[in-house]
Amino acid sequence: MPPSLRAPRGTRDLLPDERAAFARVERIARDLAARYGYRDMETPLFEQAAIFERGIGAATDVVEKELFRVSPSRGEEREAWALRPEATAGICRAYVEHGMQTWPQPVRLSLSGPMFRYDRPQAGRYRQFWQWDVEAIGDAGPAVDAELVELGARFYRDAGLPDVEILLNSIGDAACRPAYLARLVAHYRADGIHLPELERRRLETNPLRLLDSKDPAMAEVNAGAPRITDHLCPACAQHFAAVRAHLDAMGITYRVEPGLVRGLDYYVRTAFEFYRRGEEGQQQALGGGGRYDGLIELLGGKPTAGIGFALGLDRVVLALAAAGTGAPAEAVPVAVVVGADPGNTLDRLRIATDLRGAGLPVRADLAVRKLGRQLEAAVRDGAQFAVILGDELAAGEVQLRDLDGGSQKTVALADLPALLRRKVRAPGAP
RNA sequence: GUGGCCUUAGCUCAAUCGGUAGAGCAUCGGAUUGUGGCUCCGAAGGUUGCGGGUUCAAGCCCCGUAGGCCACCCCA
């Protein structure tokens, strides 16, 4: 196939099997959001690029090298837009635009849909990927932080991934982070410490990153590095302690990870990540989130606290497939209408239509082929019954054949809907 | 954005030293009149990702390119 006729790099088709697996986790997420009082909403797939540049941070990787800019072929807004790389900025834009500060606070919102980032694809890392996003805007207290972490954890458990670790950290705020960063940089610049090239560069761009460096040479240097959790201002320290107390009270197990840093500029205080050590090559960050108390103000609103998380649905589906669980239940027709006369598609379609009109999931075999082939196809479709049309149709009767057992009986056409309705089994039920 | 590995039928893979591409599964059809899963027979399906080069001859060697994957960067 010519390259030009393939799906774009980093995108893929979700064929029915995979789409069904997605639908399953989407349904779990939607049900949970509703149960926790988070109401579903949508934002445009693209926004003014400035929303992301200002909200996420112009110097972050997500904006600097991964933003999918959109260029309309004409008009003044050329190159002013970008496909959303995450949901939070757009939701906060909507919060301000629609005056949600007048709604009862906090405003609890959820959103699920495709996000776009222009980076190099790998398994579980796509240019178009799906996130389930949950936000609580307008509550600065630590309890809501804990509620969200617990919600995320419950999602993975309900989806069928029990071995998801919760990583928790506080990254301080404007009051304490600058001083800590200065202390950290001083540590790495101290005499006698030689940093690898990559780490020297990161010291300039994002010093926190050095803490979870994968370079083995850094292990010793990092062991002596100051920890942010030891240098929080009183307000942040108190908040962090309260978040942990709430989590402990709910019996949530988590690991405080002082090296945990989120890649977006808007995060303050609470940062968390859902993590799963999977097989070789598996993307391990399944989701993450944190507090963004300054973001609404940055987007033109009044100072408003907020916290949220985004979970990668692609990675959940992938992890479920790797674990061999999450096989989706698919709707199959209860019955397939087949006919003894290969050419008589008219009666087959007519009777199937009547049955569907009666609310039954029924397929008609519309191919011109002999009865044996039709029955074969019906079995492959997973149908429970075949409605066989033959000469008895003239007398208003059909053969109803049980495709599992093989038994068969003559049934009056008029009795068929009621008979089948009793046999409808829930999709996926044994 | 950096480095590495891979690419043959829809899928999973063969193809000797460079000698003109094959299997299994899947699909479709047949095995005497209106009955499925098993079995048997058959058909269709390929510019060997794409483009160049070397050679009498390239799926195989060389270069480029696209895509996938892996490790980084980063993140979901």
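Residues numbered from 1 in each chain as written. Chains lettered and ligands numbered in written order. Predicted model: local features only at pLDDT ≥ 70, side-chain atom pairs only at ≥ 80, totals over all residues. Heavy atoms only, no water.

1. Notes on the protein's contact with RNA strand B
The environment of RNA strand B is formed by 51 residues, the closest being Arg125, Arg209, Gly263, Arg315 and Leu403. Contact between RNA strand B and Lys65: a base oxygen at 3.1 Å from a side-chain N or O atom of the residue. The contact in question runs from a sugar or linking oxygen of RNA strand B to an N or O atom on the side chain of Gln131, over 3.0 Å. For the surface near RNA strand B, the element with the most residues is helix H13 (residues 371-380), which contributes seven residues. Class assignment of the residues belonging to the surface near RNA strand B gives a composition of 15 nonpolar, 13 polar and 23 charged. (Near = heavy atom within 4 Å. Polar contact = N/O pair within 3.5 Å; in protein donor to acceptor, adjacent residues only side chain to side chain. Helix = DSSP H or I, 4+ residues; strand = E, 2+ residues; numbered from the N terminus. Nonpolar A, V, L, I, M, F, W, Y, C, P; charged D, E, K, R; others polar.)

2. So, the packing of helix H5 (residues 142-159) against helix H9 (residues 234-250)
Viewed as axis vectors pointing N to C, H5 and H9 meet at an angle of 45 degrees, and their least axial separation amounts to 8 Å. Between H5 and H9, the crossing angle belongs to the class labelled oblique. H5 and H9 meet at a crossing whose hand is right-handed. Across the interface between the two elements, Pro142, Ala143, Asp145, Ala146, Glu147, Val149 and Glu150 from H5 touch His239, Ala242, Val243, His246, Leu247 and Met250 from H9. In terms of residue class, the contact of H5 with H9 is made up of eight nonpolar, two polar and three charged. (Axes fitted to C-alpha atoms, helices over the stretch in contact; angles between N-to-C directions. Parallel < 35°, antiparallel > 145°, perpendicular 65-115°, else oblique. Left-handed = near helix turned anticlockwise from the far one by under 90°. Contact = heavy atoms within 4.5 Å.)

3. Considerations on the packing of H5 against helix H11 (residues 313-323)
Contact geometry for H5 and H11: axes closest at 11 Å, N-to-C directions at 35 degrees. Considering only the axes of H5 and H11, their crossing is right-handed. Contacts from Phe155, Tyr156 and Ala159 of H5 reach H11 at Leu313, Val316 and Leu320. Here the residues of the contact of H5 with H11 sort into six nonpolar, no polar and no charged.

4. Quick word on the packing of aromatic side chains
If you walk through the whole model with that rule in mind, you get 12 aromatic pairs. Of the aromatic side chains, those joined through ring pairs into one cluster are Trp132, Phe155, Tyr156, Phe272, Phe274 and Phe309. Across from the ring centre of Tyr126, 3.8 Å away, lies the NZ or CZ of Arg12, which sits over that ring. Lying over the aromatic face of Phe240, Arg244 brings its terminal NZ or CZ to 4.5 Å of the ring centre. (Phe/Tyr/Trp six-rings, centres within 6.5 Å; stacked < 30°, edge-to-face > 60°. Lys NZ or Arg CZ within 6 Å of the ring centre and 35° of its normal.)

5. So, unusual backbone geometry
Glycine aside, residues mostly have negative phi, and peptide bonds are mostly found in the trans state. Here the amide bond leading from Gln105 into Pro106 is cis, since omega sits at -5 degrees, within 30 degrees of zero. Relative to the assigned elements, Pro106 resides in the loop between helix H4 (88-97) and strand E5 (107-116). For Arg269, which is not a glycine, the phi torsion comes out positive at approximately 55 degrees. Mapped onto the elements, Arg269 comes out in strand E9 (residues 268-275). In this structure Arg269 comes out as buried when scored by relative accessible area, which is 16%. (Buried < 20%, exposed > 50% of the residue type's maximum accessible area, 1.4 Å probe, protein only.)

6. Quick word on the layout of surface pockets
Gaps left between atoms show up when a probe the size of a water molecule is rolled over them. Each pocket or cavity is described by its volume, and for the second largest pocket that value is around 230 Å³. Lining the second largest pocket are 14 residues, with Ala153, Pro162, Val164, Ile166 and Thr253 positioned closest to its centre. Elements supplying a minimum of two residues to the lining of the second largest pocket: H5 and strand E7 (165-170). Ranked by residues supplied to the lining of the second largest pocket, first place goes to H5 with three residues. (1 Å grid on protein atoms, 1.4 Å probe; cavity = no way out; pocket = protein on both sides within 12 Å on 5 of 7 lines; lining within 4 Å. Points joined across faces, edges and corners; volume = space filled by probe spheres on them.)

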